[in-house]
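Below, each chain spelled out in residue letters.
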Amino acid sequence: MTDHRIIDLTITPIAFSDPPLLNSTGVHEPLALRTIVQLELANGVHAVGEGRAGAIGADAGAAVRDAVIGQDVFATTRIGAAVADAIRTVQPGAGRHAQLSAVAPIEVACLDAQGRTAGVPVSDLLGGAVRDSVPYSAYLFYKWAGHLDAEADAWGEALDPDGIVRQAERLVDEYGFGSLKLKAGVFEPDVEMDTIRALAQEFPGLPLRIDPNGAWTHETALRVIAEIGDLLEYVEDPVLGIEPMGRIHAETGAELATNMCLVEAEHVRPASEHRAVQILLTDHHYWGGLRVTKELGAICDALGMGVSMHSNSHLGISLAAMTHVAAAVPNLAYACDTHWPWNRVDDIVPRGQLEIHDGSLTVPTRPGLGVDLDADKVAELHERYVASGRTRRDDTGYMRRVDPAYDPTLPRF
Ligand code: GKR
Ligand code: MG
């Protein structure tokens, strides 16, 4: 029996390239931020997890290390509780979200370590993969040609329906995506509806989704659903809030998905009572890890809700973790979101270990997450983080450099 105790934990904030992607609160800055955690076990195993920017801030690092070091890596429930306690101690105002965001990358690293120790992939630790590959959707964004004060990037401009169709062609050619998601809430709804119509014409048969992140009023959402609802697989967060989402569903019968109104355990009951959510977009980075995400899948099943997966700008450790849990959730029936094609140029997983072919990623079968960590790349991205002086995402602030009057208040249209 080897010694499974955790003997070291490193928390590394990183910054990596991100194109100027537009959304309902502004535009992506040149650098996206993430948190990498690395564990070392007494048995010599090294393991890794990836979390949100600031998931374990500089103020919390020492307390979280104290909470984790010395624990048996198989005791993830106890480790999670200790990490949540540590966050509450150093940040007394920290809500459940902040605590679970800190727990998530550590739980992923623990599962990576468990898998490496036992010689099995993480999907096996989650009950086993029920599919060999996980489908992802192309995540389409309106975007500027390039960042402020920089040359145009290789993706090119996408500020109208034609630009989005060109972007979709590139993503479908390169990755074989079999469904398309449009990030909306950027332009007048008529432009965004024309974009969906153009995609439907160019890619007949491919499921289409639209996500304005709550930028529409009740009336606008009703109009969009009336005009293009029959072209859509589902509508994601057309309006903000559980009751408003429930009213849209009641009045239109449209299938609604969310990563905004059902984001904590206490939202499950009201979301179900109001029939506000037909498809829950889970996200292990916010919910506290892979095991709870799997449990969430079972809760959705019991409530008659569909399941898929939300993403934010991320790198390959997250993609591997998302793929393992998506493979182990039997009722996950929609292609998952991923930002990875936008960010992979700076990946910390060596090229070739993760590839999306025919729109799907093969579930890694090597022990643990089944991918390696490029330590030199992590060091480079950490230097970039330090040099940037940034600690949080500010899409609105960046947009205000071109439009000082930009108002992120939603709904906007
Ligand atoms: O990357 O701009 C973005 C997205 O808008 C992201 O922040 C959202 O969290 O992808 C997400 C979503 O589905 O709402
Ligand atoms: Mg969304």
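Residues numbered from 1 in each chain as written. Chains lettered and ligands numbered in written order. Predicted model: local features only at pLDDT ≥ 70, side-chain atom pairs only at ≥ 80, totals over all residues. Heavy atoms only, no water.

Throughout the structure, instances matching the rule amount to 26 salt bridges. For the salt bridge of D112 with R116, the shortest nitrogen-to-oxygen distance reads 3.0 Å. Taken as a pair, D112 and R116 lie in helix 3 (residues 96-118) at a separation of four residues, close to a single helical turn. For R116, a relative accessible area of 28% puts it in the partly exposed group. (Salt bridge = Lys/Arg side-chain N within 4 Å of Asp/Glu carboxyl O. Helix = DSSP H or I, 4+ residues; strand = E, 2+ residues; numbered from the N terminus. Buried < 20%, exposed > 50% of the residue type's maximum accessible area, 1.4 Å probe, protein only.)

We now examine the packing of helix 7 (residues 218-228) against helix 8 (residues 242-252). Contact pair helix 7 / helix 8: the axes reach a minimum separation of 11 Å and the direction vectors enclose 35 degrees. Where helix 7 crosses over helix 8, the two elements pack in a sense that is right-handed. Where helix 7 abuts helix 8, its residues H218, A221, L222 and I225 lie against R247, I248, E251 and T252. Per-class residue counts for the contact of helix 7 with helix 8 are four nonpolar, two polar and two charged. (Axes fitted to C-alpha atoms, helices over the stretch in contact; angles between N-to-C directions. Left-handed = near helix turned anticlockwise from the far one by under 90°. Contact = heavy atoms within 4.5 Å. Nonpolar A, V, L, I, M, F, W, Y, C, P; charged D, E, K, R; others polar.)

On to the site of ligand 1, then. Around ligand 1 there are 15 residues in total, and N23, H28, Y139, N213 and H339 lie nearest to it. Contacts to ligand 1 include N259, whose side-chain N or O atom sits 3.0 Å from an oxygen atom. Separating an oxygen atom of ligand 1 from a side-chain N or O atom of H310 is a distance of 2.8 Å. Contact with the protein chains removes 93% of the 350 Å² of surface that ligand 1 exposes when unbound. Those elements giving two or more residues to the shell around ligand 1 turn out to be strand 7 (138-141) and strand 8 (180-183). (Near = heavy atom within 4 Å. Polar contact = N/O pair within 3.5 Å; in protein donor to acceptor, adjacent residues only side chain to side chain. Areas by Shrake-Rupley, 256 points an atom, 1.4 Å probe, with all protein chains shown as cover.)

Right, let's talk about the packing of aromatic side chains for a bit. Applying the stated criterion to the full structure yields seven aromatic pairs. Between Y175 and F177, the ring centres sit 5.3 Å apart and the planes meet at 35 degrees, which makes this aromatic pair tilted. In this structure Y175 comes out as buried when scored by relative accessible area, which is 4%. Residue class for F177 comes out buried when judged on its relative accessible area of 2%. (Phe/Tyr/Trp six-rings, centres within 6.5 Å; stacked < 30°, edge-to-face > 60°.)

Before going further, it helps to examine the UniProt feature "domain: Mandelate racemase/muconate lactonizing enzyme C-terminal" (unreviewed entry) in the chain. In this numbering, the UniProt entry assigns the feature "domain: Mandelate racemase/muconate lactonizing enzyme C-terminal" (unreviewed entry) to residues 161-255. For residues 161-255, the end-to-end C-alpha separation is 24 Å, with 54% helix and 12% strand making up the annotated structure. (UniProt positions renumbered as here; feature names shortened; annotations may be inferred.)

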